[in-house]
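Letter by letter, the chains look like this.
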Amino acid sequence: MKAPLSWLKEYVDIDCSAEELQAKLFSCGFEVEELVHFGANIDKIVTCKIEKIEKHPNADKLSVTQVNAGKYGILQIITAATNIFEGAVVPVALDGSTLFNGEHIYNGELRGLPSFGMFCSGEELGINDDFYKGASVNGILILSDDLPLGEEVKELLNIDDFIFDINVTANRPDCQSILGIAREVAAVLDKPLKMPALDYKVANDISTKDMIKVTNKAFDLCPRYMAHYVSDIQTGESPDWMKKRLFSMGLRSISNIVDITNYVLLEIGQPMHAFDMNELEGNEINIRRADNGEKIVTLDEKEFSLTNDNLVICDAYKPVALAGVMGGLNSGIKEDTKAVVFESARFVRDNIRKTSRMLGQRSDSSARYEKGVDYFSVETGLKRALHLIDELGCGKIACDGYDLMDKPIEQKVIKTTVGKVNAVLGIDVPENEMKNILERLHFDVKMDNGNLTLNVPLYREDMESYPDIAEEIIREYGYDYIKPTLLKTSAITNGGLNDAQSKLESLKNLLIGYNFFETITYSFVPEKDFADFNIETGENGDKIVRIINPLSEDMAVMRRSLVPSMVKAVAFNLNRKNYNGRLFELAKIYTVNPDKSVELPIETAKLCFAMFGENESFFTAKGVVEGILNTYCAGKDVKYVKPEVAYLHPTRSANVFVDGVLIGSFGQLRPDLADKYNVDKPVYICELDYASLVSVFTDKIMFKTISKFPAIERDLAITVDVKVSCAEIFDAINEVGGEFLQTIKLFDVYQGDQVEKGKKSMAFNIVFQSTERTLNVSEIDDTIKLILNNLRNKVNAELR
Amino acid sequence: MQVQFNEIRTKVNADLEIVSSMKEIGDLKAKYLGKSGEITSLMRCMKDLAPDQRASYGKFVNELKEEVSLIIAKKEEQVKQAETLAKYEREAVDITLPGEEASVGSLHPLNIVKNKILDAFCGMGFEVFEGPEIDSDYYCFQALNIPKDHPARDMQDTLYISDNVLLRPHTSPGQVRTMEKKQPPIKILSPGRVYRADDDASHSPMFHQIEGLVVDKGVSLCDLKGLLDEFVKIMFDSDTKTRFRPSYFPFTEPSVEVDVTCCKCHGKGCSLCKGTGWIEILGAGIVNKNVLEMSGIDSNVYSGLAFGLGIERITMIKYGIPDIRTLFESNVKFLKQFNRR
């Protein structure tokens, strides 16, 4: 909301600087987002009378002028201007002066003759016709010839104002006007508010009700509608003061009647509309919902097809305005308009917003209605408009009018106590201070032994109960009075992360220890990711959680795997020559709930990690998986099984089972998919289902006796077919290893000249130990024989 | 006899002059003190002496033996030391060569900051509750006193899955879900991802918030001030101050915007705080009575305070990150900057 200081001063005696007022407004909840000092730059631009104009001897298009600059004497100024004449009073920018836009002007020389200044246009002073007649002319601004010479134009013309751009919060639509802001200014400065005049003379022989019939058929969308007839309209120019006000708010003057409606919108915050009586067929105004398919052409010549959700103002036959948004094409004020009906109404803000959005049609009026117009300002606005008609003498005002309301206006009363208000704040604001603040805010206060009975001002529709009152008190009293306490009346609670949350953090820390960096990527992805990565989406994609109003195709659906985002993250890094890295993300994936009666999708946490760079391989990735499982699933049965995961390399990937539960997959990213994403180095990727992983966590650690007896170690080197897996050999050893078998370690794998083609050599270190006795060498030799036999039978192994 | 003894003494000393290794020391020990060493041999001569001389002879030989042992041991110590030093010399490394990499990763800066915030409040008795990211209109709006026609519900701001289901635009539903399950005293934090239809250098369509809620008897604006004062001191510097100013949120009344003294200039005014000395970091207030009542908490008995923090904003202020999008690019060069503890 913009508010010029000069205008605010009409309602409040502001005796502080603009900056001080800015700070005061800030303290009571009205942040000034921008304070513009209009005309601040203008300096040393003075009034001069042109005494003589001669042609420049060396240039056809230039003139040499002598001007009387008052106390600055007679100056020679060279100009290209053509609209000047001898005797004209004009603004002259002297040596070292500054224009509105901050540009500096200095003495100079034009075609061999010195020039001691520059004539200024209205634009160079930042003004137009509405501010000063003639200021919009293409040329030099010709000023009134009765102005004193050699004086600062900025002061003579009052081109000096402060414009406050105030952030008004959504609960205060009553402050979307100059008057509303002025009320707050008066309260915070503790000054009286001078209300704008609302009185007017009426013509007793003219009655609105004789001239027109107004019917409200949609109170649900239009809770209050006032209409007042004005005859003998004399359209014409608005007075200078009004034009200047409109100018200060960035509006152009159009004609007195239109200007009055705009002025009231700015001043009171009430949108007004003036219907030309000639255009209202059948002398009727009907407020109703539009018929489906009904058409209207608005003032800006756009045609709209309406629905039953749109509210229209109609005459006896057709819509003449899109309620609260814009008037119809011919209903506006024309030069020959003889009589008008002023409309002042409250429309439901939600409906105006919907209509405005649906049709893509906005106006100052709709913007105002969207914020909310209260019952009270409907009347204030209309009265103010009629007062201005009267003041400007541009019409005869009917002695009566329509005021159609869904219910009579009720005085809102809040009953509470000083104690309740202070309890919210946590401090003791003195009773008299409370009373004083509330009265400054125009509450009618009755205070009786700590009991408060408050009549709420009608425009304060945001006031409901004592917390609202507490806020009113503290924003005026001052937040500095709030002293820190630490929940002094509250029970002690035991805070902190629960077990599951702590485990998750510790898992992240484990990965960090393995040189991983955590990343965070968007939860929404392009739908084509699913096809690229062969991610299951259900029949016709019915498992996909879709956003109905996505920002773009790339953020259209909720992801069903973290892998595509991770692959893109890797590609991003490789493109930037970050050739090595380990990344992980712990985040959710989303799927439509198969139970159709549950609206909310299922959110499932996944842990995804990627490793890329010259030192990474399938086995560094597996090492990380093993590291996680050794840490959290110690003692569990872990199996790596060839997976069917489409985005992984078919022979370099594995599904991980812990105690028979599939917890996820890992392996090299499938090369052709990598190519597609411009990943030209092998990438190893893993996605684990977090809940499944947690389900196989080892719950408690139990101490195991450390044997006091010596261990017996045996190294076995065997040759087997290259197809034989390490797991098969482990299984064969475990099967017959006996109760003393402690560990089996693979320490060498060899393929080459020293072994038969198609075979490989593998060497294992096997440790036996008992916690009860020293083992006999012979019994271990027997076990080794059993192991070798079993290896021969199961995997056709030969001892090397 | 004494002459013989002295000869041995001289010989030992001469021999010791030239030994330089532990092996030579060993040889020397054998030569004099070993089984057939010279001094040991002297002992054997005892039987040839008259019995009355034996005692004094034995004493002298023993003294000689002790004396020689001692000087050899002394030399042994010196040689050992010299050998150790020589060994160290041989083992010398260029300590300025680079070490073998023992690198460690790091949490995402947003989670570093999140954890710091959680730590600060957990120490004050808060628990952590995470609700769903996709939630219903009821939890995201209605139960938070955001009526149907409120501008915050506009399609432009919120991403919808259906008319009634949306990507939560704030972590405030966590308040409601907690109050429905739990009776006071309640002290919770609800962190997580949130979503809005906004995408530029200072807005990301996905970002992170932490909602804080306290519900108990007699909770006031002063308590809010106290909690947040503590928090900002832990989060920023111990001299950080807070400032409340009036604001509006549908789910709190009174509502405040909370500023902290600029962490860069400490309130003097700089580019970060746009010369004001203050930075806006969060919104807060006293929980609206309607919100308590809708969640089944008697507002005549209990009151609450709530606050909502944007983790991105605090992270960007703390680390001086100018563009929010950097946080979601996964650039290793970016992520590596935060692994100092």
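1. Overview of the overall build of chain B
The helix and strand inventory of chain B stands at eleven helices and nine strands. What you see for chain B is a C-alpha radius of gyration of 41 Å, clearly larger than the 20 Å of a compact globule of 341 residues, by over 25%. In terms of its C-alpha atoms, chain B occupies a principal-axis envelope of roughly 130 × 45 × 45 Å. Across the 341 residues in chain B, those meeting the buried criterion constitute 52%.

2. Description of the overall build of chain A
Helices and strands together make up the secondary structure of chain A, namely 21 helices and 38 strands. Compactness check: chain A gives a C-alpha radius of gyration of 42 Å against a globular reference of 28 Å for 800 residues, more than 25% above the reference. Dimensions along the principal axes, computed over C-alpha positions, put chain A at roughly 130 × 80 × 60 Å. Buried residues in chain A amount to 53% of all 800 residues. Counting only contacts in chain A whose residues sit at least 6 apart along the sequence, the fraction spanning at least 24 positions is 70%. As displayed, chain A offers around 37000 Å² of accessible surface, 49% of which is attributable to carbon and sulfur atoms. The positive charge centre, built from 90 side chains, and the negative charge centre, built from 121, are 5 Å apart in chain A.

3. Observations regarding the nonpolar core
Membership of the largest hydrophobic core comes to 127 residues, with the highest contact counts inside it found for A:Leu425, A:Ile473, A:Phe524, B:Phe231 and B:Phe307. In terms of residue count, helix 8 (residues 221-235) of chain B provides more of this core than any other element does, eight residues in total. Membership of the second largest hydrophobic core comes to 92 residues, among which are A:Val12, A:Ile14, A:Ile233 and A:Ile313.

4. Overview of the environment of A:Tyr477
All names here are of chain A. With respect to the element layout, Tyr477 can be found in helix 13 (residues 466-477). The exposure class of Tyr477 is buried, given its relative accessible area of 17%. C-alpha of Tyr477 to C-alpha of Leu299: the two residues are 178 residues apart in sequence and 48 Å apart in space. Those residues in contact with Tyr477 that lie beyond four places of it in its chain are Ile427, Val429, Pro430, Glu433 and Ile437.

5. Notes on the packing of helix 11 (residues 418-425) of chain A against helix 13 of chain A
All names here are of chain A. Between helix 11 and helix 13, the shortest axis-to-axis distance is 9 Å and the interhelical angle comes to 70 degrees. By the criterion of interaxial angle, the relationship of helix 11 to helix 13 is roughly perpendicular. At the point where helix 11 passes helix 13, the crossing takes the right-handed sense. Two secondary-structure elements touch here, helix 11 through Lys420, Val421, Val424 and Leu425 and helix 13 through Tyr466, Ile469, Ala470, Ile473 and Ile474.

6. Focus on the pairing of strand 7 (residues 252-261) of chain B
Counting buried positions over the ten residues of strand 7 of chain B gives ten, a clear majority of the element. Linking strand 6 (residues 242-249) of chain B back to strand 7 of chain B in an antiparallel pair, the connection comprises two residues.

7. With respect to the interface of chain B and chain A
In many analyses, interface size is given as the accessible surface area lost on bringing the parts together. Contacts between the two partners involve 95 residues from chain B and, on the opposite side, 85 residues from chain A. Joining chain B to chain A, the criterion identifies two salt bridges. Two residues, A:Glu31 and B:Arg245, come together in a salt bridge whose shortest N-O distance is 3.6 Å. Our count for the contact surface shared by chain B and chain A stands at 36 residue pairs in polar contact (both at pLDDT 80 or more). Broken down by element, the residue count for the side of chain B that touches chain A peaks at eight residues, all from helix 8 of chain B. Residues that form the side of chain B that touches chain A fall into these classes: 39 nonpolar, 26 polar and 30 charged.

8. Comments concerning the domain arrangement of chain A
In terms of domain boundaries, chain A breaks down into domain 1 (2-39 + 162-189), domain 2 (43-159), domain 3 (208-405), domain 4 (414-481), domain 5 (499-695) and domain 6 (712-799). The centre of domain 5 of chain A, based on its C-alpha atoms, is set 36 Å off from the matching centre of domain 6 of chain A.

9. Comments concerning helix 6 (residues 240-248) of chain A
Residues and elements named next belong to chain A. Within helix 6 the residues assigned to the buried category are Met242, Lys243, Arg245, Leu246, Phe247 and Ser248. If you follow the buried residues of helix 6, they end up packed against strand 1 (2-4), helix 1 (5-8), strand 2 (31-38), strand 11 (161-167), helix 7 (256-267) and helix 10 (375-392). Downstream of helix 6 by a residue or two, Gly250 has a phi angle that is positive, lying close to 85 degrees.

10. Some remarks on the sheet that holds strand 24 (residues 444-448) of chain A
All names here are of chain A. Pairing is antiparallel across the open sheet formed by three strands, whose spatial order is 23-25-24. Of all strands in the sheet, those bounded by a partner on one side alone are strand 23 (413-417) and strand 24. On average, each strand axis in the sheet is inclined to that of its neighbour by 15 degrees, with strand direction left out of account. Relative to strand 25 (residues 451-455), strand 24 runs antiparallel, the two being bridged by five bridges. Residue pairing for strand 25: Lys446 is matched across the bridge by Thr453. Relative to strand 24, helix 12 (residues 431-440) is tilted by about 165 degrees, and along the sheet it contacts strand 24 and strand 25.

11. Considerations on the layout of surface pockets
Residue and element names in this part refer to chain A. Space inside the second largest pocket adds up to approximately 1800 Å³. As for the second largest pocket, its lining consists of 39 residues, of which Lys622, Glu626, Val638, Tyr640 and Ala727 are closest to the centre. Going through the elements one at a time, helix 17 (618-632), strand 31 (638-641), strand 32 (648-658), helix 20 (726-736), strand 36 (741-750) and strand 37 (759-768) are the ones with two or more residues in the lining of the second largest pocket. The residues that make up the lining of the second largest pocket include at least three from each of domain 5 (499-695) and domain 6 (712-799).

12. Comments concerning the sheet that holds strand 18 (residues 311-314) of chain A
Residues and elements named next belong to chain A. Pairing is mixed across the open sheet formed by five strands, whose spatial order is 12-15-18-19-20. In this open sheet, the two edge strands, each paired with only one partner strand, are strand 12 (213-216) and strand 20 (326-327). Where strand 19 (residues 319-322) and strand 20 come together, two bridges link them in antiparallel fashion. Looking at the pairing, Ala321 lines up with Gly327 of strand 20.

13. So, the side chain of A:Ser523
Tracing the chain through its elements places A:Ser523 in the loop between strand 26 (517-518) and strand 27 (524-525). Its relative accessible area of 0% is what places A:Ser523 among the buried residues. Looking at A:Ser523, its side chain comes within polar contact range of the side chain of A:Tyr590, at 3.4 Å. Contacts of A:Ser523, omitting those with residues within four sequence positions, involve A:Val557, A:Met558, A:Arg559, A:Tyr590, B:Glu133, B:Arg193, B:Tyr195 and B:Met206.

14. Observations regarding the domain arrangement of chain B
Taken domain by domain, chain B comprises domain 1 (2-90) and domain 2 (109-338). A C-alpha centroid distance of 86 Å is found between domain 1 of chain B and domain 2 of chain B.

15. Regarding the pattern of salt bridges
Residue and element names in this part refer to chain A. Under the counting rule described, the total for this entry stands at 66 salt bridges over all chains. Arg289 is the salt-bridge partner of Asp220, the closest N and O atoms lying 2.8 Å from each other. With Asp220 in the loop between strand 12 and strand 13 (224-231) and Arg289 in strand 15 (residues 284-289), this pair connects stretches of sequence that are 69 residues apart. Residue Asp403 is joined to Arg224 by a salt bridge in which the shortest nitrogen-to-oxygen separation is 2.6 Å. Highlighted residues: Asp403 in strand 22 (residues 396-405) and Arg224 in strand 13, separated in sequence by 179 residues. For Arg224, a relative accessible area of 1% gives the class buried. When salt bridges that share partners are traced, they join Arg172, Asp174, Glu184, Arg440, Arg460, Asp462, Glu472, Arg475 and Glu476 into one network.

What counts, and at which threshold
Residues numbered from 1 in each chain as written. Chains lettered and ligands numbered in written order. Predicted model: local features only at pLDDT ≥ 70, side-chain atom pairs only at ≥ 80, totals over all residues. Heavy atoms only, no water. Helix = DSSP H or I, 4+ residues; strand = E, 2+ residues; numbered from the N terminus. Rg over C-alpha atoms; globule rule 2.2 N^0.38 Å. Buried < 20%, exposed > 50% of the residue type's maximum accessible area, 1.4 Å probe, protein only. Contact = heavy atoms within 4.5 Å. Areas by Shrake-Rupley, 256 points an atom, 1.4 Å probe, with all protein chains shown as cover. Lys, Arg positive; Asp, Glu negative; His and termini not counted. Charge placed at Lys NZ, Arg CZ, Asp CG, Glu CD. Core = buried A, V, L, I, M, F, W, Y, C linked by side-chain atoms within 4.5 Å. Axes fitted to C-alpha atoms, helices over the stretch in contact; angles between N-to-C directions. Parallel < 35°, antiparallel > 145°, perpendicular 65-115°, else oblique. Left-handed = near helix turned anticlockwise from the far one by under 90°. Pairing = 2+ DSSP bridges. Salt bridge = Lys/Arg side-chain N within 4 Å of Asp/Glu carboxyl O. Polar contact = N/O pair within 3.5 Å; in protein donor to acceptor, adjacent residues only side chain to side chain. Nonpolar A, V, L, I, M, F, W, Y, C, P; charged D, E, K, R; others polar. Domains from an automatic or database assignment. 1 Å grid on protein atoms, 1.4 Å probe; cavity = no way out; pocket = protein on both sides within 12 Å on 5 of 7 lines; lining within 4 Å. Points joined across faces, edges and corners; volume = space filled by probe spheres on them.

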